[in-house]
Amino acid sequence: KAPSGKMAPSHVLRCCQRGLAWIPVIFIALVVCWSYYAYVVELCIFTIPSTGEKIIYLVVFHLSFVMFVWSYWKTIFTRPVNPSKEFCLPKAEKEQYEKEERPETQQEILKRAASSLPLYTRTGAGAIRYCDRCQVIKPDRCHHCSACDMCVLKMDHHCPWVNNCVGFSNYKFFILFLAYSLVYCLFIAATVLQYFIKFWTSELPDSHAKFHVLFLFFVAAMFCISILSLFTYHLWLVGKNRSTIEAFRAPVFRNGPDKNGFSLGFTKNIVQVFGDQKKYWPLPIFTSQGDGLIFPTRLVTTDPEQPTVVLPPNSFSDEVQQPSPPSESQNRLLCDNLQANDHLEIVTVKSGKP
């Protein structure tokens, strides 16, 4: 009875935390609902006199509104992806790891278990990255989120405004959410401005629409400024093929930290997030390349732990570090890059599959 009594408060606390975590999302939803009412009803129906202007504003407004809500919804409700079972320690190694007290021996156990896994990054001390909480060996670019209490593939950050982790499964949706929210706010601010000035200078008579129009412009302008800086920053991250975590702390490879270790060039970096079919880029549907477990890696220096294979004379380089055949996702990312980089050694990690 005693243990269950101790667990009950903890369970209640977690439920309360999960409930409170939805407050920012509810706040955004309420602001969006009010902005819809203020723009459609108070501005377009009651304030704008021209029928043609009303129709044009309403059509463009609803297009931006639908894309904004769609991308926001996908960002919130797309679950983060966890490492697959192959990254869990086998039962025997797990028991041995838990019984062992010496860190050196624990690392030897992890190294044996990770020898066949597609791993390339290490901790700052050069050790295998292992999550004691989730009891998994972390794939490259994977991190543990304390808010979600799970390891997330290619974790970027935990965003309270979507109450979700932004990572491999929904990073494209997050970028589109920022883009369409910026378009939504800019369109509102631009079209409301003239009526804001008219109400402010008393050119239009006071009415119940005045408060909504004035406040709508202030809110749209405020969100424009905050979203623009965040959107610009994440576009820069996409171009560099870095996550927010990697921007603050460079990933550590066997040869040391390298902030550009995952960069394949501007075009390839964008394609890795948005996919190779440009017609799907504006849509919040999943088109990112890869599986979140394996990422093509370009390094300037050689890796002593990777075998070196001499390729035929027609290849792009005399000696290239190339483990066993790369995965399909790696081939899509590197097929053109191999011909364009004659003097760089391009490394792909092993998939660990037969």
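Note that the structure is a prediction, hence the values are computed from the model and not measured. (Residues numbered from 1 in each chain as written. Predicted model: local features only at pLDDT ≥ 70, side-chain atom pairs only at ≥ 80, totals over all residues. Heavy atoms only, no water.)

A. Structural context of the overall build of the chain. When its secondary structure is counted, the chain shows 11 helices and 13 strands. Going through the 354 residues of the chain one by one, you find that 47% of them count as buried. Sequence separation of 24 or more characterises 64% of the internal contacts of the chain that already satisfy a separation of 6 or more. Taken as a whole, the chain presents about 18,900 Å² of accessible surface, with 64% of it coming from carbon and sulfur. (Helix = DSSP H or I, 4+ residues; strand = E, 2+ residues; numbered from the N terminus. Buried < 20%, exposed > 50% of the residue type's maximum accessible area, 1.4 Å probe, protein only. Contact = heavy atoms within 4.5 Å. Areas by Shrake-Rupley, 256 points an atom, 1.4 Å probe, with all protein chains shown as cover.)

B. Geometry of the packing of aromatic side chains. Taken as a whole, this structure holds 29 aromatic pairs when the rule is applied. Relative to Tyr184, the ring of Phe65 has its centre 6.0 Å away and its plane inclined at 45°; by these criteria the two rings are tilted. Here the residue Phe65 occupies a position in helix α3 (residues 51–77), and Tyr184 occupies one in helix α6 (residues 171–200), the gap between them amounting to 119 residues. Neither Phe65 nor Tyr184 differs from the other in exposure class; each is buried. With 6.1 Å between their ring centres and 5° between their planes, Phe68 and Tyr72 make a pair best called stacked. With a gap of four residues between them, Phe68 and Tyr72 both fall in helix α3, about one helical turn apart. According to the relative accessible area criterion, Tyr72 is buried, its value standing at 8%. The rings of Tyr36, Tyr39, Tyr57, Phe61, Phe65, Phe68, Tyr72, Phe174, Phe177, Tyr184 and Phe187 are connected pair by pair, giving a single aromatic cluster. Sitting above the plane of the Phe262 ring, Arg141 keeps its charged end 4.3 Å from the centroid. The side chain of Arg141 reaches across the aromatic face of Phe295, ending 5.0 Å from its centre. (Phe/Tyr/Trp six-rings, centres within 6.5 Å; stacked < 30°, edge-to-face > 60°. Lys NZ or Arg CZ within 6 Å of the ring centre and 35° of its normal.)

C. Quick look at the UniProt feature "transmembrane region" (unreviewed entry) in the chain. The UniProt record annotates "transmembrane region" (unreviewed entry) at residues 20–39, 55–73, 173–197 and 209–233. Between the end C-alpha atoms of residues 55–73 there is a gap of 27 Å, over a span that is 100% helix and 0% strand. (UniProt positions renumbered as here; feature names shortened; annotations may be inferred.)

D. Representation of the pattern of salt bridges within the structure. On inspection of all chains with the given rule, the structure shows four salt bridges. With a closest N to O distance of 3.1 Å, Glu100 and Arg102 form a salt bridge. The salt bridge involving Lys210 is made with Asp206; its shortest N-O contact spans 3.0 Å. Assessed through its relative accessible area of 22%, Lys210 is described here as partly exposed. (Salt bridge = Lys/Arg side-chain N within 4 Å of Asp/Glu carboxyl O.)

E. Spotlight on the nonpolar core. Counting residues in hydrophobic clusters, the biggest one holds 51 residues, and the most contacted among them are Tyr39, Phe61, Tyr171, Ile188 and Val192. Listed by contribution, the elements that provide at least two residues to this core are α2 (23–45), α3, α6, α7 (208–240) and α9 (266–274). Looking at this core, the element that brings in the most residues is α6, giving 18 residues. Those residues in contact with Val192, other than ones at most four positions away along the chain, are Tyr39, Leu43, Val213, Leu216 and Phe217. With 24 residues, the next largest nonpolar core counts Leu89, Val136, Cys142 and Phe253 among its residues. (Core = buried A, V, L, I, M, F, W, Y, C linked by side-chain atoms within 4.5 Å.)

F. Quick look at the confidence of the model for the chain. Mean pLDDT over the chain: 85, with 82% of residues reaching 70 or higher. Note on residues 300–304: pLDDT is under 50 here. Beyond four places in sequence and across chains, it has 12 contacts. Within the model, pLDDT remains below 50 along residues 306–354, and this stretch shows 96 contacts once partners closer than five positions in the same chain are excluded. (pLDDT = per-residue confidence, 0-100.)

G. Structural detail: the packing of α7 against α9. As a packed pair, α7 and α9 sit with axes 6 Å apart at the nearest point and diverge in direction by 110°. When the axis of α7 is compared with that of α9, the two are roughly perpendicular. Across the interface between the two elements, Val238, Gly239 and Lys240 from α7 touch Phe266, Asn269, Ile270, Val273 and Phe274 from α9. (Axes fitted to C-alpha atoms, helices over the stretch in contact; angles between N-to-C directions. Parallel < 35°, antiparallel > 145°, perpendicular 65-115°, else oblique.)

H. Quick look at the layout of surface pockets. There is about 650 Å³ of room inside the largest pocket. Around the largest pocket sit 20 residues that line it, and Arg18, Ala147, Cys148, His158 and Asn163 are the ones nearest its centre. Elements that contribute at least two residues to the lining of the largest pocket include exactly α1 (2–20) and α3. Sort the elements by how many residues they give to the lining of the largest pocket and α1 lands first, with three residues. Partitioned by chemical class, the residues of the lining of the largest pocket number nine nonpolar, six polar and five charged. (1 Å grid on protein atoms, 1.4 Å probe; cavity = no way out; pocket = protein on both sides within 12 Å on 5 of 7 lines; lining within 4 Å. Points joined across faces, edges and corners; volume = space filled by probe spheres on them. Nonpolar A, V, L, I, M, F, W, Y, C, P; charged D, E, K, R; others polar.)

I. Just the sheet that holds strand β8 (residues 252–253), in detail. Spatial strand order, β1-β8-β9: three strands in an open sheet with antiparallel pairing. A single partner strand is all that each edge strand has here, and the edge strands are β1 (121–122) and β9 (256–257). The pairing of β8 with β9 spans two bridges and is classified as antiparallel. Paired with Val252 across the two strands is Pro257, which belongs to β9. (Pairing = 2+ DSSP bridges.)

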